Each structure stands twice: as structure tokens, then as C-alpha cells.
Amino acid sequence: MITIEHLTKSYRKFKALDNINLSFERGQAISLLGPNGSGKTTLIKSILGLVIPESGTIKIGGKEIKKDWAYRSQIGYMPQIGRYPENMTIGQVIKMLKEIRKDCTRFDEELIELYNIPAYQNKTMRSLSGGTRQKVSACLAFLFSPEVFIMDEPTAGLDPVASEILKEKIAKECANGKLILITSHVLSDLDEIASHVVYLQDGKLKFYNTIDELKFLTGEDKLNKVIASIMKNEQPKKLITV
Amino acid sequence: MKNIIAIIFLGWAISAKAEVIKVVATPNGIHNAVRKAHNGDTLLIKKGFYKEHDITIDKRLTVIGENFPVIDASNKYQALIVTADSAVIQGIQVQNIGNTSIIDMAGIRIVNAKAVVIKNNKLIDNTFGVYLQNATRCYVANNTIHSNHKDELNGGNGIHAWHCDDLLIQDNDISGHRDGIYFEFVTNSHIISNRSYENVRYGLHFMFSHSDTYTQNIFKDNGAGVAVMYSKHVVMYNNSFLHNWGDASYGLLLKEISDSRIEHNNFIRNTVGIHMESTTHVDVKQNLFQDNGWAMRVQASCSGSNVIGNNFIGNSFDVATNGNMVMNVFDHNYWDKYDGYDLNKNNIGDVPYYPVSVYSVITEKIPSTMILYRSLLTDVMEQVEKVLPTLIPDKLRDDYPLMKKAKL
Amino acid sequence: MRTIIKYVLLDLIKNKTVLVYTFILAALSVSVLATGSNTSKGLLSLLNITLLFVPIISMLFATIYFFNSVEFIELLLAQPIKRKTMLLAEYSGVAFALSIAYLIGVGIPVCLFSYDLASLTLILSGLFLTLIFSALALVIFVLFKDKTKGIGAAIITALFFTLLFDGLLLSFIFSFSDYPIDQPLLGLISLNPVDLARILVLLKLDVAVMMGYSGALFKKFMGSATGSIYTIFCMSFWVIIPLLMSAKVFKRKDL
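Residues numbered from 1 in each chain as written. Chains lettered and ligands numbered in written order. Predicted model: local features only at pLDDT ≥ 70, side-chain atom pairs only at ≥ 80, totals over all residues.

Chemist: What am I meant to see in the overall build of chain C here?
Modeler: Helix and strand counts for chain C come out as twelve helices and zero strands. The order of helices and strands in chain C, counted from the N terminus, is α-α-α-α-α-α-α-α-α-α-α-α. Summarising its shape, the C-alpha atoms of chain C cover approximately 60 × 45 × 30 Å along the three principal directions. When burial is assessed residue by residue, chain C has 51% of its 255 residues classed as buried. Considering only residue pairs separated by 6 or more positions, chain C has 81% of its internal contacts joining residues 24 or more positions apart. (Helix = DSSP H or I, 4+ residues; strand = E, 2+ residues; numbered from the N terminus. Buried ≥ 20, exposed ≤ 12 C-beta atoms within 10 Å, placed from the backbone. Contact = placed C-beta atoms within 7 Å.)

Put into C-alpha cells, the structure is as follows:
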């Protein structure tokens, strides 16, 4: 579904992404891990076309995304920080996106109902808490039933209940054969849904494995322990299966 | 003026007894009729096209046109020459007068005559319209005088008077000539209620003509406005000087004028409202200066003038001058740019107004700075100058600026 | 594009800064026009207000608004929308909102109290300044990543055009007054939209005095429609070129 080849991006002297090669398929739930500044956000922004790569290619469904912008209709994006025009109401934001996405006729409003968004639809974005704004962001990501979901720290700021609802939704979509990309450093949250882990450090790909492989190799059962043990042992080389 | 009316009346009374000769358009029809006529006769010229020229009216005739018969001088000659006293010409259209550099050719020329009446005529495309030469007590009224001469050199004047006395020029409509009305050595005359517009040079041009009065005229869109020069005892009131634009264009140009009065006039949208040069004792009172580039330019050569009780509204610059000597009085005027205060509520501002703006001084020296006029920067300069006058002639000031517009 | 403009406008209509801006403009206009019996003087005060406030407020407000919308722009760009469309829509929304503010604050009072050609020119100039300085704000937005630096640049730009440029120009005129500088001056003046706006009004308000200067070029320029057409032409460029430039830079910008 998504193929990334030799992707490189640097900001001035700082190399944010260094020759990344990755390939993701439908039905996978990929957890994008790495310390702060490791290039996770740059990677997903490159896929979204928000960051222009220096070299390398990104293909989605076999088509290169460079000059094409229409491919983004296949992607649902949930940003890390959801900031919206202050005086817009929730209802207006949702309506606006629906109007922009005229191509889409079938809306997935499951999450909107689960989060009971219509109850506050006349509240302005300014008056909302960070958690509620995150809920809105999540709803928007799912609204157009895309093929690929890209979520930047989706559960940060969500209360446990909302977080649980989101995870269930993600799992459901994954089961429907959608591709899901999640960055997160709160690992335990993702235990149940992630099928693969991509680990980035200093812009370089350290490893890309399935959860089962990782568990097997490290002998740990919980994802955060798996990662912790990898980071401690500093021995990721043999794990790379790219 | 009373004499003139009396004479007209007398002329009419006499001609009632006299013969009325009807003239129709035959070759030399008017010529023959004039030859046949006697003093006091009336020539009734029927509607038609008369290709005649140099018709000399040397008898006391009343020439009346019916529905404007046309006398056409074929662009070569003059049409009517009046040499007899008390002749009347009315209701005739004179056109296509010739143009030579040897003599000034005119539609109707009055030579050495008294009490001639020229009224209700149309003078179209002539070099000179009505030409008065050594005329006395003549009455030129209600004529439409229009020409298409575009250049100053070849054109003549609408009404041209030379060495005349006691004229009354009234209610004429003059356009497209070199000067609308031209006076040279004309004395004791009145110019009333004329409209002089779109003339190539001046709407009114006035030289060496003393003790004349002109009132209620409108001078509009003339090439260089109105010029009054080398004269004394001129009285001008209730005239309007409108929209005379150009770098040598004035509402009113005064040069070497003395003991004259300019009152109750309107100077609107001229490049310069009044330009005064070498004048002495000129009173400028209760006029309206509105939307002019400069309301007044008073050269340092002027003295003893009183500029009192005028309204200055919406002018780019109120007063400009070229020196520091101030020998004229500016008092009790209303200046819209004045922003002083009036604590004792007597309608007179408590601090003086300086009508010469610093920017007008600067642009006078370096015209290119005009491009920055009204910018924030120049406003700051004005304010600084107000507090600390350095460039402007600080003696030129109105010590009693009015807080409200003066009633004119 | 229209959708985005519509919603940006919906947002800005309720924006407190825009409301206060409108209200202050309206209060100034009414007080200047209604108290004095003389409208041409009021018009001049309004010209000063326009030349000073409109560039600074438009510039600052638009810059801050653009920087505050970064995350929302990101979210929208994750939708199938062209970058250029997105950017121009965002600009149009802001420029349109500020223009409406100006029209209500200055346009309506002016039309009520003194409706003539000079007033209409003033309104046109104000609108142009709004469009131009919002466009310049957009350039700053695409050039700077950091909001604080961007606002600093916006303040400097606005001050440069409202005050500093004229000072430099004046010293230029003073030092070269012995040379024929009319033509270079007209060129230089085109480099400052605030001056262009001022001259557009000047051409209606002070033509009479302009005609008094014998500089042939000035007279030809000031005295005919050429001047107004040239000014409007230049100001349109001042809108279009920053927009094209920011669209070009934005195409390659990393968000």
C-alpha cells in the first residue's frame, strides 16, 4: 500500500530522515516508535505531503505522490495538536471538512456518535478542552472512511474512556483491512492493536518487525518491555528485516 | 448707463416714424438696403443666408434680424462695420470672419462711434467677435460669441475694446476665443453678468483700464484664468472664477493694480485663486476660496493690501509668498486648517494662524518634494514648524482667525 | 477554495480584534466627519488614519492569524487540496474580512457624510492597502517558521513602508534636487504601496496644486488619468506579486 524508498530529509545540518526504506500493507497496524526528534513526525508528514523530501520516493497504491495531491483522499490524518480557528464551532468544522471533501459521499460518523459530539456542536473551538479537541481530530480522521490512517500521538490528552473508544475503533478499521500508522511514545496503549513496530532513531531506521517477532526475540510479553529491553541491549541490527 | 438707455429709447422713438426696409437674401441685398436707407430707418433682415461682407453702417440705422439671418464673410473678410452713432444691430448671426495678420478682422466692428447697441446677436467662428475701437457709451448685450480657434496666435478676442469709455458689456456668452473679453485703455465701463469660458488664454484680459467695474461674471475653464494688469480703481465683486488649471493659470492674476476692491467673489478649483504681483492698496474682502491649489499667492512686491473676512476652505495651500517681508494685512479670515482654540468664545481664535505652510515653502524650492505631500512625514514637519517656525515667514499671520465661516 | 474562504470568514467575523478594528475605524470616521462642517478636512484626517493604521493593523493581524492557523492549515492540507488553493483561500478570507472591516468602518461613514470622487478614491486606497499588506503578511508567513520572528518582521515591514521609506525618499530628493529626478521619483514611489495609495487620493484632492508645478512629467502624470491608472496598476502588482511569491515559496515549504 505504501512504499518508501531512500527517503532523506534534512533541516539545515540536522538530518531528520536518513535513507529510510519501508513498505506497509493493508491490514497492518504499524506503531512508529522512537525518542523525541527521531524523525517520526517528519516521516508521517512526508507521507502526507506536508514535508517535501530531499530525495527518495513515496508511493501510495503504486503511485508516486510527488506532484499529485489527490492521493490524500485515501488518508485520514489525526494531528498531534489539534488547533482550529478559534471562533468556529465544532459543527462548523465538521461541516467545513465535509464540504471540502465533496468527493466523499459515505461518511463514517461512528466515532462522532460514540463521543457524543452533536451534544456540543455549537461550542466554539476556543472554549473546548484539549481532550475534546483531540476527540474532534479523531472524528475527522475517520469521517471519510479512508484506506490509510495516520495518527500522531492519538491518545495523548484523551481521557481513558475516550482513549479506549478510539483504540477499539482503530482495531475495527484494521480488521477491515485498512492500513494504520500510529506514532506514540506511550507504548502500553498500543499493545493490543499494533501488529508491527517501526523504530526510528536520529533519523535512521533501527528496525521494522512484527510484534510477535519482537516478543520472540526479546522474550518479553509487553510491548514497552520489549522496547525497553531492545534499547538497553543496543542490539537491533539483526532484527532488521527490511 | 442711464444715458445709454435714454438713447436707446430715443432711437426707437425716432425710428417709429421712419421707414422700415425689408431685406431678403439677394446678392448684395444688405449693401443695397444700407445705401438706400436714411438716418433713423430700420432694416428688417429676413431669415436667410447672406454672403456679404464689409457692410459699413454709416447711418443711424436699426438693423434687426428675423430668426437670425446669417451673414457669412467666407473666411476672408469682415462683416459689419459701424461708424455711425446710435446704430443698433440685433438678432443677426455673423460667421466666418477672415483672419489676417495685417488687420484684426471682426464680426461687428464699431469705429469712432457713440451709443451703438449690439444685442441678441450670434457671432460664430470669427477671429474677433465684437470689436470696439474708440467707442463711447456703447451697449453690448446678450450676444453669443463662440469660436473654435484653438491656438493663441491666430485667434482673436470675443469682445475687444480699445480706447473706449463708458461701455456696458452685459449678459454675453463668450467661448473659444483667445481672450473672452479684452480691455485696453477702457475707462468707466461695466462688465456685468457675462459668461466667459473655455477661451484659449484669458477669460477676461484687462490692461491700462481704469475705474472699471465688473460684477456677477462667471469665468470658467479658461486657459490662464483672468488677468487684470496695470490698472487702478478696478472694482470686482460677485464674480466666480472657476476651474482654471495649469502651471501659468490663475483664477485672477493681478499685476500692478492699485486702489482696487475684490469683494464677494468665488474662487473655486483654480490652480491659484488670486496671484498678486506689485499691487498696492488692494482690498480682498469676503471672498470664498475653495478647493484651490493655492488660494492666494502674494508676491513680496505687494503692499498695503487688506485680506479680511474671507473664507479659505479645502485649499491645498492657503497662502504662498516669495519673501519674508510682509506689508499686507491678513485678518479676520476663516481658515479651515486652523486648529487653535477660542477660550473666551468670541468666535476669534486665541492664537494666530500662519497661512503659509512649511510644505508650500519647501515645494516652492524643490517642486519634486510635492510627491511626498500629505504623507505622515510631511505632517510631522508641519507640526514641528507650528511649534518652532523656522522656514515660514512668521510675520505673515492672521492674528484674529475666525472660528466659524464668515458670512459672505 | 470557496468553502475555505467561507469558513475563514465565518471565523473572522466573530474575531474580537476585527470587531474592535472596525469599531475604532468607524468611531474615528464618524468623529472626524460629523463634527467638522468641512468634509475635505475630515477626508484628509481619514487619509492619515488610513495611511497609518491600515498597513500596520492589516499586516500584524494577518501575520498573527496566519501563524495561529498553522495547525489548521496542516490539517486541511492532509485533505486532497492543492497547497496553492489552500494558501490563497486562507489569504482571501483574511483580506476579505479586513476589507469588510474597512468598508464598514470608513466606507459607510464616508459615503454618508461626503460622497464624492475623492472619498471613493480614499476607500479604494484603503482597500488596496488592506489587500497589499495582508499579502505581505502572507509572504512573511511562508518565509518564517517561527511566529515571534514573523511578527517582528511584520512590524519592521509596516514601519518601513509607513515612515522610513518616505524619510529616505525625502533625503534622496534633497540631495539630488539639482538633477532631473522626476522620472526616477515616479519609479521609486512605485516601490512603496503606502505612497501609491496616498498619491491616488492626492490626484483627486490636490490636482489643482499639482498643476502648478512646471515639471512636465509631473504634470502629465498628475494632471491626467494616466497617474491614477498607473497608480492602480502598480498597487495591483503589489497585491499579485507577493501572492505569487508566497504561493511559490509555500509549494516547497515544510510544515
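Chemist: I keep staring at the sheet that holds strand E5 (residues 63–64) of chain A and nothing clicks. Help me out?
Modeler: In a beta sheet, neighbouring strands are held together by backbone hydrogen bonds and run either parallel or antiparallel to one another. Residue and element names in this part refer to chain A. Strand order in the open sheet made by the four strands is E2-E1-E4-E5, with antiparallel pairing throughout. If you trace the sheet from one side to the other, it starts and ends with strand E2 (14–24) and E5, each paired once. Note: strand E1 (residues 2–11) against E2, seven bridges, orientation antiparallel. What sits directly across from isoleucine 2, in E2, is phenylalanine 24. (Pairing = 2+ DSSP bridges.)

Chemist: Would you explain the interface of chain A and chain C in this entry?
Modeler: Accessible area lost upon the coming together of the parts is a frequently used measure of interface size. Taken together, the contacts link 26 residues of chain A with 21 residues of chain C. At the level of secondary structure, the elements contributing two or more residues to the side of chain A that touches chain C comprise helix H1 (40–48), strand E6 (75–78) and helix H2 (90–100) of chain A. With five residues, H2 of chain A is the single largest residue contributor to the side of chain A that touches chain C. In the side of chain A that touches chain C, the residues fall into 16 nonpolar, four polar and six charged. (Nonpolar A, V, L, I, M, F, W, Y, C, P; charged D, E, K, R; others polar.)

Chemist: I would appreciate a short explanation of the interface of chain C and chain B in the present structure.
Modeler: In this assembly, 33 residues from chain C lie in contact with 29 residues from chain B. Those elements that provide at least two residues to the side of chain C that touches chain B are helix H3 (39–68), helix H7 (147–175), helix H8 (182–189), helix H9 (193–205) and helix H10 (207–210) of chain C. Looking at the side of chain C that touches chain B, its residues break down into 17 nonpolar, nine polar and seven charged.

Chemist: What is the right way to read unusual backbone geometry from this model?
Modeler: Leaving glycine aside, a negative phi is the common case for residues, and trans is the common case for peptide bonds. Residue and element names in this part refer to chain B. Positive phi is not limited to glycine here, since asparagine 67 has a value of about 55°. Tracing the chain through its elements places asparagine 67 in the loop between strand E5 (62–65) and strand E6 (70–72). Accessibility expressed as a C-beta count within 10 Å gives 10 for asparagine 67, which makes it exposed. The backbone of histidine 163 sits at a positive phi, close to 55°, despite the residue not being glycine. As for its placement among the helices and strands, histidine 163 is situated in strand E16 (residues 159–165).

Chemist: Honestly, the sheet that holds strand E7 (residues 148–152) of chain A in this entry has me stumped. Any pointers?
Modeler: Residue and element names in this part refer to chain A. Taken in spatial order, the six strands make up an open sheet running E6-E7-E8-E3-E9-E10, and their pairing is mixed. Both outer strands of the open sheet, E6 and strand E10 (204–210), are each paired with one neighbouring strand and no more. Within this sheet the neighbouring strands show an average axis-to-axis angle of 15°, counted without direction. Here helix H6 (residues 211–218) sits on the sheet in contact with strand E9 (196–201) and E10, set at roughly 95° to E10. (Axes fitted to C-alpha atoms, helices over the stretch in contact; angles between N-to-C directions.)

Chemist: Got a minute to help me understand the pairing of E9 of chain A in this structure?
Modeler: Where a strand is regular, its side chains alternate between the two sheet faces. All names here are of chain A. Counting buried positions along E9 gives five out of six residues, so the element sits mostly inside the fold. With four bridges joining them, strand E3 (residues 29–33) and E9 adopt parallel strand pairing. From the neighbouring strand, serine 31 faces E9, where its bridge partner is valine 197. Two strands pair when backbone bridges link them, and E9 and E10 are joined in this way by six bridges, in the antiparallel orientation. Bridge pairing in E10 links valine 197 to asparagine 209. Between E9 and the antiparallel strand that follows it, E10, lie two residues; aspartate 202 among them carries a positive phi value of about 50°.

Chemist: Help me out: how do you make sense of the environment of threonine 56 of chain B in this one?
Modeler: Here threonine 56 of chain B is to be found in strand E4 (residues 55–57). You can call threonine 56 of chain B partly exposed: it has 16 C-beta atoms within 10 Å.

Chemist: Teacher, can you tell me more about the pairing of strand E2 (residues 42–45) of chain B here?
Modeler: All names here are of chain B. Alternating residues of E2 divide into Leu43 and Ile45, all buried, and Thr42 and Leu44, none buried. Two elements, strand E1 (residues 20–23) and E2, share four bridges in a ladder whose sense is parallel. Following the sheet pairing, lysine 22 is matched in E2 by leucine 44. For the crossover from E1 across helix H2 (residues 29–36) to E2, the handedness is right-handed. Of the strand pairs in this sheet, E2 and E5 are connected by four bridges, and their pairing is parallel. Across the sheet, residue threonine 42 finds its bridge partner in E5, namely threonine 62. (Right-handed = clockwise from strand over helix to strand, strands pointing away.)

Chemist: Honestly, the packing of H3 of chain C against helix H5 (residues 83–113) of chain C in this entry has me stumped. Any pointers?
Modeler: Relative placement of two packed helices is described by the angle separating their axes and the distance separating the axes. Residue and element names in this part refer to chain C. At a minimum axis separation of 11 Å, H3 and H5 run at an interaxial angle of 165°. It follows from the interaxial angle that H3 and H5 lie roughly antiparallel. Of the two possible hands of crossing, H3 and H5 adopt the one that is right-handed. For the pair formed by H3 and H5, the contact residues are Thr39, Leu46, Thr50, Val54, Ser58, Phe61, Ala62, Tyr65 and Phe66 on the first element and Glu90, Val94, Leu98, Tyr102, Val106, Val110 and Phe113 on the second. (Parallel < 35°, antiparallel > 145°, perpendicular 65-115°, else oblique. Left-handed = near helix turned anticlockwise from the far one by under 90°.)

Chemist: I keep staring at H3 of chain C and nothing clicks. Help me out?
Modeler: Within an α-helix, residues lying three or four positions from one another point in the same direction, as the helix has 3.6 residues per turn. A rise of 1.5 Å per residue sets the reference length of H3 of chain C, with its 30 residues, at 44 Å; its end C-alpha atoms lie 40 Å apart and thus fit the reference within 8%. Of all the bends in H3 of chain C, the greatest, near 30°, is centred on phenylalanine 53 of chain C, and the proline proline 55 of chain C appears no more than four residues after it. (Expected span 1.5 Å × (residues − 1). Bend = angle between axes of the 7 residues up to and from the residue.)

Chemist: Please explain H2 of chain B as it appears in this structure.
Modeler: All names here are of chain B. For H2, the set of buried residues is Gly29, Ile30, Ala33 and Val34. All buried residues of H2 fall inside an arc of 125° around its axis, so they share one side. Exposed residues lying more than 90 degrees from the buried face of H2 are Arg35 and Lys36. Where the residues of H2 are buried, they touch E1, E2, strand E3 (49–50) and E4. (Arc of directions from axis to C-beta.)

Chemist: Looking at this structure, how should I read the packing of helix H4 (residues 70–77) of chain C against H5 of chain C?
Modeler: Residues and elements named next belong to chain C. Axis separation between H4 and H5 bottoms out at 10 Å; the angle between their running directions is 140°. Our pair here, H4 against H5, has a crossing hand that is right-handed. Of the residues in H5, those touching H4 at Ile73, Leu76 and Leu77 are Arg83, Met86 and Glu90.

Chemist: Just checking my understanding: could you explain the confidence of the model for chain C for this structure?
Modeler: When pLDDT is low, close inspection of the predicted coordinates is not appropriate. Residues and elements named next belong to chain C. Confidence in the prediction for chain C averages 89 pLDDT; 96% of positions are at 70 or higher. Element-level pLDDT for chain C is lowest in helix H11 (residues 216–223), with a mean of 67, against a maximum mean of 94 in helix H6 (residues 117–143). Across the interfaces of the predicted complex, the ipTM metric reaches 0.87, alongside a pTM of 0.84. (pLDDT = per-residue confidence, 0-100.)

Chemist: When you look at the nonpolar core in this model, what are you seeing that I'm missing?
Modeler: Generally speaking, soluble globular proteins have nonpolar side chains that are buried together. One finds Ile150 and Val198 of chain A, Ile108, Val116 and Val130 of chain B together with Ile132 and Ala137 of chain C to be the most contacted residues of the largest nonpolar core, which totals 266 residues. The element contributing the most residues to this core is H6 of chain C, with 16 residues. Not counting chain neighbours up to four residues away, the residues in contact with valine 116 of chain B comprise Val82, Ser86, Ala87, Ile110, Ala135 and Cys138 of chain B. (Core = buried A, V, L, I, M, F, W, Y, C linked by C-beta atoms within 7 Å.)

Chemist: I'm lost on the environment of isoleucine 199 of chain C in this one. Help?
Modeler: Residue and element names in this part refer to chain C. Position of isoleucine 199 relative to the elements: it lies in helix H9. Put simply, isoleucine 199 and isoleucine 189 are ten residues apart on the chain and 9.2 Å apart in space, counted from C-alpha to C-alpha. Once you skip the residues sitting within four places of it in the chain, isoleucine 199 turns out to touch Ile189 and Thr231.

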